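# Tertiary structure, described
Below are the chains, spelled out letter by letter.
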Amino acid sequence: MLLCPLNPLPKLFRSIQALRAVAALLVTIFHVSMKMEDVAIYSPFLRCFKAGSGGVDLFFVISGFIITHTSLSKINRPDQLKPYLKKRFGRIYAIYWLVLLLAGILSLWLKAFAPSLQWLSYSFNPVGIVKALTLFPTHDSLLPVTWTLSYELYFYTLFALVIASSYFLIIPIVLVSATLLNSLATVAGLPALFEFSFHSFLLSPFNLEFFFGVVAYVLISRYSFTIHPVLLALSVSLFFLAGELIDPSEIGLRIWGFGVPATVILLGFVRWELSGSFSYPGWILKLGDASYLLYLIHIPAIMMLTQALMILGFSNYVVLANVLLVGFLAWFSWQMHHRVEKPLLGWLTTSRPKTATPQKTPAEIILYETAPVASVHTQNDQAAALS
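This structure is a prediction, so every number in the text was calculated from the model and none was measured.

### Observations regarding the confidence of the model for the protein chain
Mean pLDDT over the protein chain: 88, with 89% of residues reaching 70 or higher. Here residues 1-5 is a poorly scored stretch, pLDDT under 50, and it has 13 contacts once near neighbours within four places are set aside; other chains count. Every residue in residues 360-387 scores below 50 in pLDDT, and together they form 87 contacts with partners more than four places removed in sequence or on other chains.

Shown next as structure tokens:
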């Protein structure tokens, strides 16, 4: 129930960092469970994580919330377009290109010396490489999860249009409306109402989840309300039930099975944080900051470890080894975030004066958003979520 306008929001949401960590872990364990099915190993524990694919949907909702929170004040301010694009696109591409390069080198080495450990067969053709580097929609990549990054970039681009001019707001409004109509038609078993080149991407139901995040932020920023624990529990239950009932490829259904509950969960956790009734352990906040790296690297690691153990005849230890691997990857992702990703993004997003003339004012320093437990926050722009 809506009560009254809310006081100004904090610049940093620890609950969002925690949810990013949860989303990354869900996706990672889901892929472990998929690999176990692939090698015919049954695990009751991993069977519980069929809903892990919904971590992608949670990431998309988080992205809509965070970008609105950090960039709403930039709308209709074209002078803010360049720093916005620099920060958002740099956040996606910088570490992705580095990881993709290392994955390419590793893949070529495995192809030459240990082909049985290759996590997927990939043809290194120039067109495919360019598509993967640019994250062009429908690209093939050595990092299979990167299809979700194409949607992230699409959402960033739409938001950039509104930053350039509020007149462009009509574009996302039309796209969201057409997407909603197409999604409802698909759920009803009817053909899509709007079909054209790339309509399956531009009007994908996944894009509605970014919109859910935008709506969630508007609700949080304008009203004070509570999410009853029973409603929150029902949303969590529906989220996990959707994993049992909905095939991940049924995009039109998963939006309602994963996306809507994820939005309620996000609202509940943020409201708990704002009411001061809940705190988060430091490790989950750190993992939230490193969630992008964990998201990028986990599939090759899971595939290679599982295939190596199966070849060596240690099938009885595959599940345990992968559970331990998830813990190691979480730690390793944090280390790489702290030692590589954060310094890299700090360097990329720091404005530098073109000349050292005394008449010019110092260039604005745009700090990279770090973990909420760090001491050098700008506390105004969390990194957007990623599947």
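### Some thoughts on the pattern of salt bridges
As enumerated under the stated definition, the model contains 4 salt bridges in all. We note a salt bridge from lysine 35 to aspartate 38, for which the minimum N-O separation is 3.3 Å. Linking lysine 35 with aspartate 38, this pair stays in helix 1 (residues 14-38), spanning 3 residues, or about one helical turn. Judged by its relative accessible area of 6%, lysine 35 is buried. When the shortest N-O distance is used, the salt bridge between glutamate 244 and arginine 47 registers 2.9 Å.

### A look at the nonpolar core
Ile16, Phe65, Tyr96, Leu266 and Leu296 are the most contacted members of the largest nonpolar core, which totals 101 residues. In contact with leucine 266, not counting residues within four places along its chain, are Ile16, Leu19, Val61, Ile62, Phe65 and Ala216.

### Quick look at helix 10 (residues 229-245)
Taking 1.5 Å per residue as the helical rise, helix 10 with its 17 residues ought to reach 24 Å, and the 24 Å between its terminal C-alpha atoms agrees with that figure. Residues of helix 10 that are buried sit in contact with helix 1, helix 3 (54-71) and helix 11 (251-275).

### Structural notes on unusual backbone geometry
Positive phi values are uncommon outside glycine, yet asparagine 76 reaches one of about 65°. Summarising the element assignment, asparagine 76 is placed in the loop between helix 3 and helix 4 (81-113). When its relative accessible area of 41% is taken as the criterion, asparagine 76 is described as partly exposed. Unusually for a residue other than glycine, phenylalanine 198 sits at a positive phi of about 65°. Mapping phenylalanine 198 onto the fold places it in the loop between helix 7 (170-187) and helix 8 (199-202).

About the thresholds
- Residues numbered from 1 in each chain as written.
- Predicted model: local features only at pLDDT ≥ 70, side-chain atom pairs only at ≥ 80, totals over all residues.
- Heavy atoms only, no water.
- pLDDT = per-residue confidence, 0-100.
- Contact = heavy atoms within 4.5 Å.
- Salt bridge = Lys/Arg side-chain N within 4 Å of Asp/Glu carboxyl O.
- Helix = DSSP H or I, 4+ residues; strand = E, 2+ residues; numbered from the N terminus.
- Buried < 20%, exposed > 50% of the residue type's maximum accessible area, 1.4 Å probe, protein only.
- Core = buried A, V, L, I, M, F, W, Y, C linked by side-chain atoms within 4.5 Å.
- Expected span 1.5 Å × (residues − 1).

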